[in-house]
Amino acid sequence: MLALSRRNLLKLGTFGFGAAALGYARASTAAAEITLPIGRTTCEIMPTLPTAAMMGYGPTGPTVLHLTQGQHVLIHAQNRLEEVTTVHWHGLRGPNAQDGVPYLTQMPIGVGEDYTYDLTPKDAGTYWFHPHCNTLEQIARGLAGVVVVHEAQDPGYDADEVIQLRDFRLGNDGQFIEFTKPRNAVRGGTLGTVTTANWQTDLHITAPAGGLLRLRLAATDVTRVFQIAVTGAEVRVIAADGHPVPAPYAIADLPTPKNREPVAAPGTWPVILAPGQRSDLAIVMPAEGGIVTVDMALPGGAQKTVATLIATGPTLGRLVADIKPLPANPLSEPDLATAQRVDFTIGWSPDGTAGTSGICGDTPYRFWSINRKLWPGEGAPDPANPLAPLAEITLGKSYIFRMKNETKNDHPIHLHGMAFKLLSSNQRDLPPHWSDTALLRADETVEVAFVADNPGDWVFHCHVIEHQKTGLAGLIRVA
Ligand code: C2O
Ligand code: CU
Ligand code: CU
């Protein structure tokens, strides 16, 4: 269930409390229950240099929770950190009260306190969870996990694996270094120093030879935008940001030193995973002993392998023709003819003023804005001076959000509580795709459409966490 290598099992350190009951929630009658301990841990990310002062969901490094579509589950979060936290379920469409945003949907979970989240996933697919409190530091120290919501009916893969892609910001001694620098926060954000897959720099996963592997990639970094391709096997993208794509498609080639901006071949799309985004791949594994690599693009057209997949056992003889579209999730189709358009401008902060709230790890800087409005951050909107939602929209109606990036930096814009359909970009073709996090590249305008079918105050923010924490955040009220 947890994608653990022997290395992690052997070398992960103490967690400060007893073994955790992390696991599958697949009971069929009453609500399933999962215990989610949140505590300090140690992990060997750089060989022989264990990183102290990590934070983890459970003692075992990268955590995967397995839920089932339509099945009620109670998740008991146990805060064993020395600071407050919350758990936000990124992409899971559920009631506002379970959304895990401090002061907005719940009070922070105090030190030593427990808090139960009550979820019934509507949608199958790959989602993730993370704190929404002191978010930069807590995610940077390791608090990010993946939620696999299994289809109510098994779609027939021979193996199913999760890879979390993310960096850690470590010095040469393997210990954390400062997570943010103002001069980066005002640009693309502060990159980590060690890129990992499942907290490892050299991840190996075995899968049945000739089998169909479902590989779920989740970019849970606070800053880095990954571009990914797979070498050594036939591959199709079957879902993006949790939701099935209508027709599985092949992955466009990565840039090379000679061709730094390759044009995607017809019917292929690049797999670009900005912070918060996911991609489910169907991979036809080669014959026994065959090697498949998952590769990421680096600047200048270079590439690097982030994970190696090794085919084992007697061949299962599956074919690319065996890859079928996954069953669609129950999303409401927006009515584009009547949809109301709402404009958002992603830009600089109107005056660059320092913020005031120090609660929940807010930073003292304001570099960014949506519609030139400041938001005091997720810490504590001052009740004496509440900032209006960026937009108040009507329950049940269709909307087109036109999001315009007037900066030169990437902004993965995330909406809580609902999924939207990508309609168009002023710069590129977009694959047909439902999402909760739309990447806006430099000067890009993207339009998305959705039905406002989930009541509540929903956070709407950039998922480059330094941008979120320095102003690029707001609320959308659905009532
Ligand atoms: Cu990934 Cu506000 O969330
Ligand atoms: Cu979210
Ligand atoms: Cu941003």
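Every value quoted in this text rests on a predicted model; they were computed, and no experiment measured them.

K.L.:
Teacher, can you tell me more about the coordination of the copper ion (ligand 2) here?
P.N.:
In a perfect tetrahedron of four donors around a metal, the angles come out at 109.5 degrees. In a perfect octahedron of six, they are 90 or 180 degrees. At this site the copper ion (ligand 2) is bound by His88 (NE2) and His414 (NE2), with donor distances of 1.8 Å. Here histidine 88, found in strand β5 (residues 88-90), pairs with histidine 414, found in strand β25 (residues 411-415); they are 326 residues apart in sequence, far enough to count as distant. Judged by relative accessible area, which is 0%, histidine 88 ranks as buried.

K.L.:
Whenever I open this one, the coordination of the copper ion (ligand 3) confuses me. Can you help?
P.N.:
His411 (ND1), Cys462 (SG) and His467 (ND1) make up the full set of protein donors to the copper ion (ligand 3), lying at 2.0 to 2.1 Å. Between the donor residues of the copper ion (ligand 3), the gaps in sequence give the motif H-x50-C-x4-H. In this pair, the class of cysteine 462 matches that of histidine 467, namely buried.

K.L.:
Whenever I open this one, the sheet that holds strand β9 (residues 159-168) confuses me. Can you help?
P.N.:
Across a sheet, strands are paired by hydrogen bonds formed along the backbone, either parallel or antiparallel in direction. The seven strands are arranged β10-β9-β12-β18-β14-β15-β16 in an open sheet whose pairing can be described as mixed. Edge strands, defined here as strands with exactly one partner in the open sheet, are β10 (194-197) and β16 (268-269).

K.L.:
Looking at this structure, I do not really get the pattern of salt bridges. What am I missing?
P.N.:
Two side chains carrying opposite charge are able to pair once their charged atoms lie near each other. Using the criterion set out here, one finds 23 salt bridges in the structure. Residue aspartate 114 pairs with arginine 80 through a salt bridge whose shortest N-O separation is 3.0 Å. With aspartate 114 in strand β6 (residues 114-119) and arginine 80 in the loop between β4 (73-79) and β5, this residue pair connects regions lying 34 residues apart in the sequence. By relative accessible area, which is 47% here, aspartate 114 ends up partly exposed. Judged by relative accessible area, which is 31%, arginine 80 ranks as partly exposed. The residue aspartate 280 makes a salt bridge to arginine 216 at a minimum N-O spacing of 3.5 Å. Taken together, the positions of aspartate 280 in strand β18 (residues 278-284) and arginine 216 in strand β12 (residues 212-219) put the pair 64 residues apart, joining distant regions of the chain. Judged by its relative accessible area of 0%, aspartate 280 is buried.

K.L.:
How should the nonpolar core be read in this particular structure?
P.N.:
The nonpolar side chains of a soluble globular protein tend to be buried with one another. Core analysis: the largest hydrophobic core is formed by 36 residues, its most contacted members being Ile163, Leu215, Ile228, Leu281, Ile283 and Leu309. Within the second largest apolar cluster, 32 residues are counted, among which are Ile346, Tyr399, Ile413 and Leu472.

K.L.:
Mind showing me how you'd approach the packing of aromatic side chains here?
P.N.:
Considering all chains together, one arrives at twelve aromatic pairs under this definition. Relative to phenylalanine 401, the ring of phenylalanine 344 lies with its centre 4.7 Å away and its plane at 55°, an arrangement referred to as tilted. Of this pair, phenylalanine 344 sits in strand β21 (residues 340-348) while phenylalanine 401 sits in strand β24 (residues 398-405); the two residues are 57 residues apart in sequence, bridging distant segments of the chain. Owing to a relative accessible area of 1%, phenylalanine 344 belongs among the buried residues under this scheme. One aromatic cluster in this structure is built from Tyr57, Trp89, Tyr115, Tyr117 and Phe129. The residue whose ring lies beneath arginine 166 is phenylalanine 168, and the NZ or CZ to ring-centre distance is 4.0 Å. Sitting over the ring of tryptophan 199, arginine 166 keeps its end group 5.2 Å from the ring centre.

K.L.:
What am I meant to see in the confidence of the model for the protein chain here?
P.N.:
Summary statistics for the protein chain give a mean pLDDT of 89 and a share of 87% for residues scoring 70 or more. Across residues 1-23 the pLDDT falls below 50, and counting only partners more than four positions away or on other chains, this stretch makes 61 contacts in the model.

K.L.:
Explanation requested: the side chain of threonine 445 in the structure shown.
P.N.:
Along the chain, threonine 445 turns up in strand β29 (residues 445-451). If we skip the residues at most four places from it in the chain, threonine 445 touches Arg402, Met403, Lys404, Ser424, Ser425 and Asn426.

K.L.:
Explain the side chain of arginine 216 here, please?
P.N.:
We classify arginine 216 as buried; its relative accessible area is 0%. A distance of 3.0 Å separates the side chain of arginine 216 from the side chain of threonine 126, its partner in a polar contact. Ignoring any residue separated from it by four or fewer positions in sequence, one finds arginine 216 in contact with Gly125, Thr126, Val148, His150, Asp160, Glu161, Val162, Ile163, Ser279 and Asp280.

K.L.:
Please explain unusual backbone geometry as it appears in this structure.
P.N.:
A negative phi angle is the norm for most residues apart from glycine, just as the trans form is the norm for most peptide bonds. Phi angles above zero are rare outside glycine, and tryptophan 199 is one such case at about 70°. Take tryptophan 199: it is sitting in the loop between β10 and β11 (203-208). In this structure, aspartate 443 is a non-glycine residue whose phi angle is positive, near 60°. The topology assignment puts aspartate 443 in the loop between β28 (437-440) and β29. Under the relative-accessibility criterion, aspartate 443 is labelled partly exposed at 35%.

Conventions used here
- Residues numbered from 1 in each chain as written.
- Chains lettered and ligands numbered in written order.
- Predicted model: local features only at pLDDT ≥ 70, side-chain atom pairs only at ≥ 80, totals over all residues.
- Heavy atoms only, no water.
- Donors = N, O, S within 2.8 Å, 3.2 Å for Na, K, Ca; no water.
- Helix = DSSP H or I, 4+ residues; strand = E, 2+ residues; numbered from the N terminus.
- Buried < 20%, exposed > 50% of the residue type's maximum accessible area, 1.4 Å probe, protein only.
- Pairing = 2+ DSSP bridges.
- Salt bridge = Lys/Arg side-chain N within 4 Å of Asp/Glu carboxyl O.
- Core = buried A, V, L, I, M, F, W, Y, C linked by side-chain atoms within 4.5 Å.
- Phe/Tyr/Trp six-rings, centres within 6.5 Å; stacked < 30°, edge-to-face > 60°.
- Lys NZ or Arg CZ within 6 Å of the ring centre and 35° of its normal.
- pLDDT = per-residue confidence, 0-100.
- Contact = heavy atoms within 4.5 Å.
- Polar contact = N/O pair within 3.5 Å; in protein donor to acceptor, adjacent residues only side chain to side chain.

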